[in-house]
Amino acid sequence: MPDVDLIVRDGRARHPQVSVLSNGMPAALSDYTTTRSINGSNVAGFVDPTAVHRLLAGGGSLHLTDLQSVHDGVGALCDTLTDRVGRPFSAMAFLSPPGRSAFVLHRDPLHVVVLQTSGTKTWELHRPVAGPDHGPLPTNSLAAPDRYVTLEAGDALYVPPGWPHWATSSDRWSLHLSIVTSPLRVRQVLGPVLGHVLNTLTDEVPAGWCNAVEDGADILRAASGTVADRLASTDWETVLRDAATR
């Protein structure tokens, strides 16, 4: 937790890299940020450490984002994961007081690896339901939790994309890291390749083709064959490597 305090007191910290949550929702920025004059321009969002500590003492939670860019150890961990998995990883931290939850029940469109660094936190996990894969959910909109998992310092937990969840601290302050990466979808890989292949098809479709179903089907079948042939000759290793870095 000393590292967290150093980030908040650094003087350069700004929202949204540092934010405060109250009752599972974002606190008003006016409650803990200030505006400074820099080279004659007013710049908003600078964190007021005194105000942050006051909100935390009143039951608020602290949320740090982009942690890999300001903490050497976390940055090294994200770099290692990125090299091994082939997807970019980032990190955030959540500091919550005893008996509190940083967020309401919600779901994320990300792969989330939770690392408990201090204190204890109990996670409530639900299986995915229909609807968007991100955002808050009413607690009465879901069936009974699929499982409860209690993490102590040194424990880890994987939360798949779209799984509703929330976490509550035990009887002491709790700090955990969330190491996240976005899923690589098939459409992300195929989309650019198909677009490139389709742009190379210059054959003209005869007028009235849509009125002659058999002729239209033959035309589309031939075009599909051409697309399939060109996809078969694609350097997929290069395609996958490029897609993984996006």
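Reading the values: the criteria
Here the residue numbers are simple positions, counted from 1 along each chain's written sequence. Per-residue local features of the predicted model are confined to residues with pLDDT of at least 70, and side-chain atom pairs are confined, for both listing and counting, to 80 or more; whole-chain, interface and lining totals are unaffected and use all residues. Only hydrogens and water are set aside; all other atoms, that is, all heavy atoms of the structure, feed into the side-chain values. The patch calculation keeps residues exceeding 30% relative accessible area without a salt bridge and links them within 9 Å when they carry like charges or within 5 Å when they are nonpolar (Val, Leu, Ile, Met, Phe, Trp, Tyr). In short, Shrake-Rupley with a 1.4 Å probe defines the accessible areas, and a residue's cover is counted only from the protein chains shown. Salt-bridge detection follows one rule: a side-chain nitrogen of Lys or Arg within 4 Å of a carboxyl oxygen of Asp or Glu. Helix and strand labels come from DSSP, where a helix needs a run of H or I of at least four residues and a strand needs a run of E of at least two; each type is numbered from the N terminus. Per-residue accessibility, obtained with a 1.4 Å probe over protein chains only, is compared with the maximum for each type, and a residue is labelled buried under 20%, exposed over 50%, and partly exposed between these values. Helix span is expected to be 1.5 Å times the residue number reduced by one. Should any heavy atoms of two residues lie within 4.5 Å, those residues are considered in contact.

Chemist: I tried to follow a nonpolar patch on the surface on my own but got confused; where do I start?
Modeler: Nonpolar side chains collect at one region of the surface, where Val186, Leu190, Leu194 and Leu198 lie side by side and expose about 330 Å² of accessible area between them. Inspection of the secondary structure assignment puts leucine 190 in helix α4 (residues 186-199). On the basis of relative accessible area, leucine 190 is assigned to the partly exposed category, the value being 30%.

Chemist: Honestly, helix α3 (residues 72-85) in this entry has me stumped. Any pointers?
Modeler: A turn of α-helix holds 3.6 residues, and therefore any two residues three or four places apart point the same way. Its 14 residues place the ends of α3 20 Å apart at the C-alpha level, agreeing with the 20 Å of an ideal helix rising 1.5 Å per residue. Here the buried face of α3 lies against β6 (90-96) and β14 (174-181). After α3 finishes, the residue glycine 86 shows a positive phi value of roughly 85°.

Chemist: Would you take a moment to explain unusual backbone geometry for this structure?
Modeler: Trans peptide bonds make up most of the peptide bonds, and negative phi angles are found at most residues other than glycine. Omega for the peptide link from histidine 15 to proline 16 comes to 15°, which places this bond in the cis form. Its location among the elements puts proline 16 in the loop between α1 (2-9) and β1 (18-22). Phi is positive for aspartate 66, which is not a glycine, with a value near 55°. Assignment of secondary structure puts aspartate 66 in the loop between β5 (61-64) and α3. Of the residues examined, aspartate 66 reaches a relative accessible area of 35% and is grouped as partly exposed.

Read these as geometric descriptors, not functional statements.
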